[in-house]
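Overview (structure and organization)
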Amino acid sequence: MQLFKRIGVIGAGTMGQGIAEMLSAKGLDVLLVERSQERLDWAWESIQISLDKQIEKWAITETEKKLVLSRIDRIADWSELSSCDMVIETITEDLEMKKQVFAQLDQVCREDAIIASNTSTLSLTELASKTARPERIIGMHFLHPVAKINLVEIIRGLHTTDKTFQLTKQFVEEVIQKQGILVYESPGFVTTRLICTLINEALHTLSEGVASAEDIDAAMRIGYDFHHGPLEMADRFGLDAVLAAMERMFREFGEIKYRPSFLLKKMVRGGKLGVKTGEGFFRYDKDGDRL
């Protein structure tokens with residue numbers, strides 16, 4: 001069976017940072033790639049802030065923080081990815097940009113390397129078509145916050161082989177010790193498809209004046225034991241990301257239940273995107289905590 005020791009992470013946004021930090025904490029060597037040194041430096045600072053918060057909560061020690069950071073290499077030269085056993089792409093949900101990344105990875109990665117995408121809505125089959133190894137392309141959809149949520153959707157594209165799936169499942173369940181679920185390619189997979197529908201219905205409920213944002217979230221948080229209510233979830237995902245996912249599912253399925261709420265569109269147009277801008281349906285401080 002394939003051993004996984006060195007993992008590439010393409011994209012150092014919120015998800016890329018979380019994945020890189022989690023992989024390093026599991027003892028893996030990580031190569032973190034971004035399109036500019038400025039974005040790499042910002043990601044590095046954000047990972048350090050995340051680790052410092054854990055130190056404050058007595059979750060890790062200063063020594064453990066240093067160990068995690070020591071296993072993450074920030075790189076600009078993609079040729080270094082040839083040393084990786086697996087590469088996880090986690091850039092923004094833009095199909096054309098992701099296609100370019102996959103075409104580039106196909107040129108630099110080893111033949112036996114697995115190339116995975118953290119996409120939440122896009123077609124793995126379409127991404128794989130840009131490579132000469134569609135059988136080794138797979139989806140690994142992590143949920144935010146990566147370190148705390150022990151679920152990974154493992155998505156099979158049309159050409160993904162049983163061997164690639166089994167190796168990825170082994171990586172998820174034995175190496176990083178999370179629960180993997182098998183998903184056959186479909187827009188939104190399982191988690192995005194269901195949670196976006198819930199968020200959209202919460203938005204309709206709010207816009208119809210049925211209840212306040214606070215009470216809608218309290219109903220689901222207290223009544224159904226949700227960690228966050230649907231509106232705060234939307235804030236934490238980023239309202240622009242929720243809108244993009246809803247619009248893609250609406251285009252793909254053509255069903256009215258996936259048509260995004262007008263209130264969601266209005267919030268995005270107004271620049272109220274949630275945690276990332278400090279305000280969405282609720283207000284947040286710079287650390288992402290509710291005010």
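Residues numbered from 1 in each chain as written. Predicted model: local features only at pLDDT ≥ 70, side-chain atom pairs only at ≥ 80, totals over all residues. Heavy atoms only, no water.

1. Digging into the pairing of strand E8 (residues 179-184)
As defined by bridge partners, strand E7 (residues 151-156) adjoins E8 across six bridges and the pair is classed as parallel. Looking across to E8, one finds that Ile 154 is bridged to Leu 182. Handedness of the crossover is the feature at issue here: the chain leaves E7, passes through helix H6 (residues 162-175), returns alongside E8, and the resulting connection is right-handed. (Pairing = 2+ DSSP bridges. Helix = DSSP H or I, 4+ residues; strand = E, 2+ residues; numbered from the N terminus. Right-handed = clockwise from strand over helix to strand, strands pointing away.)

2. Thoughts on the pattern of salt bridges
Evaluation of the coordinates by the stated rule reveals 18 salt bridges. Asp 52 serves as the salt-bridge partner of Lys 65, at 2.8 Å between the closest nitrogen and oxygen. Highlighted residues: Lys 65 in helix H3 (residues 62-70) and Asp 52 in helix H2 (residues 37-56), separated in sequence by 13 residues. Owing to a relative accessible area of 28%, Asp 52 belongs among the partly exposed residues under this scheme. (Salt bridge = Lys/Arg side-chain N within 4 Å of Asp/Glu carboxyl O. Buried < 20%, exposed > 50% of the residue type's maximum accessible area, 1.4 Å probe, protein only.)

3. A few points about the UniProt feature "domain: 3-hydroxyacyl-CoA dehydrogenase NAD binding" (unreviewed entry) in the protein chain
Cross-referencing UniProt, the feature "domain: 3-hydroxyacyl-CoA dehydrogenase NAD binding" (unreviewed entry) maps to residues 7-183 in the present numbering. Strand forms 21% of residues 7-183 and helix 42%; the C-alpha atoms that close the span are 22 Å apart. (UniProt positions renumbered as here; feature names shortened; annotations may be inferred.)

4. A word on the side chain of Asp 217
Within the fold, Asp 217 resides in helix H8 (residues 213-223). Notably, Asp 217 is buried but unbridged: the nearest opposite-charge side chain belongs to Arg 290, and the N-O separation is 5.0 Å. A polar contact is formed between the side chain of Asp 217 and the backbone nitrogen of Leu 231, at a distance of 2.9 Å. Each residue touching Asp 217, except ones within four places of it in the same chain, is listed here: Gly 229, Pro 230, Leu 231, Glu 232 and Phe 282. (Lys, Arg positive; Asp, Glu negative; His and termini not counted. Polar contact = N/O pair within 3.5 Å; in protein donor to acceptor, adjacent residues only side chain to side chain. Contact = heavy atoms within 4.5 Å.)

5. Here we look at the nonpolar core
Judged by nonpolar contacts, the single largest core of 36 residues is most densely connected at Leu 23, Leu 32, Ile 88, Met 140, Phe 142 and Phe 171. Listed in part, the 24 residues of the second largest apolar core include Ile 91, Leu 105, Cys 109 and Ala 128. (Core = buried A, V, L, I, M, F, W, Y, C linked by side-chain atoms within 4.5 Å.)

6. Concerning the pairing of strand E2 (residues 29-33)
Along E2, four of the five residues are buried, which leaves the element largely enclosed by surrounding structure. Pairing of strand E1 (residues 6-10) with E2, which is carried by five bridges, proceeds in the parallel orientation. In the strand pairing of E2, Val 9 is matched with Leu 32. Running through helix H1 (residues 14-25), the crossover from E1 to the neighbouring parallel element E2 is right-handed. As defined by bridge partners, E2 adjoins strand E3 (residues 72-75) across four bridges and the pair is classed as parallel.

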